[in-house]
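A closer look at the structure
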Amino acid sequence: MFQTGTLRTKLKYIKMNQGEDDFEIPVPWFLIKHPAGNIVIDGGNAVEAAIDKRGHWGAVVDAYDPIMDRSENCVDQLRAVGVDPASIRYVLQSHLHLDHTGAIGHFPNAQIICQRAEYEYAFKPQWFSEGAYIRADFDRPGLNWKFLGGEYTDNFDLFGDGSVRIIFTPGHAPGHQSFLITLPRTGPVLLTIDAAYTVDHWENRALPGLVHSSSDAANSVEKLRRIASDTNAMVVTGHDPDTWQSFLKAPNDFYD
Ligand SMILES: [Zn+2]
């Protein structure tokens, strides 16, 4: 588990209608080592968010201000733990919001797996989510995309061994997906990503501050809660500043 710094924001931008208080959230991303090839999930913010945040992100920095050192980009963090960027076989995209697109285009041998609905929406977002999609991050030449098809490809088993499953969880974004990772010792780990930003979202006390469909978002939480209880998974929410502290994190710690 890694992070590309934090976002300084307000409570209402994370928890719908819950006020103007300052709120600072981590921007997590994940490396999974698998014998059949390494995986990056999301990659956090693009490095440009550390170099020229307003130039790259625009006015959205007034709502979500990235606090990120240049060295916190996903490629350099992988190198720091001895992982060669060329060894990344898959980049899994939960969705294409700006704090999740840092890996795209940085791993020469990777196939990028995303929901087709998310990719298509990202090129023509509605006004209320326009600021969250940075086209320069995902509209690049030479990318090797693979698109999943919502319900039809739900519970996609990436390696055919059940270790990495991709779960369709729309709502926060039209083509959002979450990940159920089964590790040899730790067992099942459910990465909700932004289907549940925080424990309050997980426990139905908040809707996302940025939401495509509240109804789908609520259904996706219900779906993930069922999966978590069926598998007894460890649950990792997308941006919870409190629980994030409690997880084992790179570069010193990891789950196996
Ligand atoms: Zn998001």
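For the structure, see preceding data.
In what follows, the accompanying structure is described. All values reported here derive from a predicted model rather than from experimental measurement.

Moving on, we get to the sheet that holds strand S10 (residues 177-183). Judged by pairing direction, the sheet is mixed, and its 5 strands sit side by side in the order S8-S9-S10-S11-S12 without closing on themselves. In this open sheet, the two edge strands, each paired with only one partner strand, are strand S8 (156-157) and strand S12 (234-237).

On to the packing of aromatic side chains. If you walk through the whole model with that rule in mind, you get 12 aromatic pairs. Considering the side-chain rings of Tyr13 and Tyr64, the 5.6 Å spacing of their centres and the 45 degrees angle between planes classify their relative orientation as tilted. With Tyr13 in helix H1 (residues 11-14) and Tyr64 in the loop between helix H3 (53-57) and strand S4 (65-67), the pair connects residues that are 51 residues apart, well separated along the chain. Overall, Tyr13 belongs to the partly exposed group, its relative accessible area being 27%. Both rings, one in Trp244 and one in Phe247, keep their centres 6.2 Å apart while their planes meet at 65 degrees; by these two values the pair is edge-to-face. The class of Trp244 is buried, set by a relative accessible area of 3%. Relative accessible area serves as the criterion here: at 12%, Phe247 is assigned to the buried category. Each residue in the set Tyr119, Phe123, Phe138, Trp145 and Phe147 is aromatic and connected to the rest through ring pairs, giving one cluster. For the cation-ring pair, Lys249 lies above Trp244, with the distance from its terminal atom to the ring centre recorded as 5.2 Å.

Analysis parameters
- Residues numbered from 1 in each chain as written.
- Predicted model: local features only at pLDDT ≥ 70, side-chain atom pairs only at ≥ 80, totals over all residues.
- Heavy atoms only, no water.
- Pairing = 2+ DSSP bridges.
- Helix = DSSP H or I, 4+ residues; strand = E, 2+ residues; numbered from the N terminus.
- Phe/Tyr/Trp six-rings, centres within 6.5 Å; stacked < 30°, edge-to-face > 60°.
- Buried < 20%, exposed > 50% of the residue type's maximum accessible area, 1.4 Å probe, protein only.
- Lys NZ or Arg CZ within 6 Å of the ring centre and 35° of its normal.

Worth remembering: the numbers are spatial, not functional.
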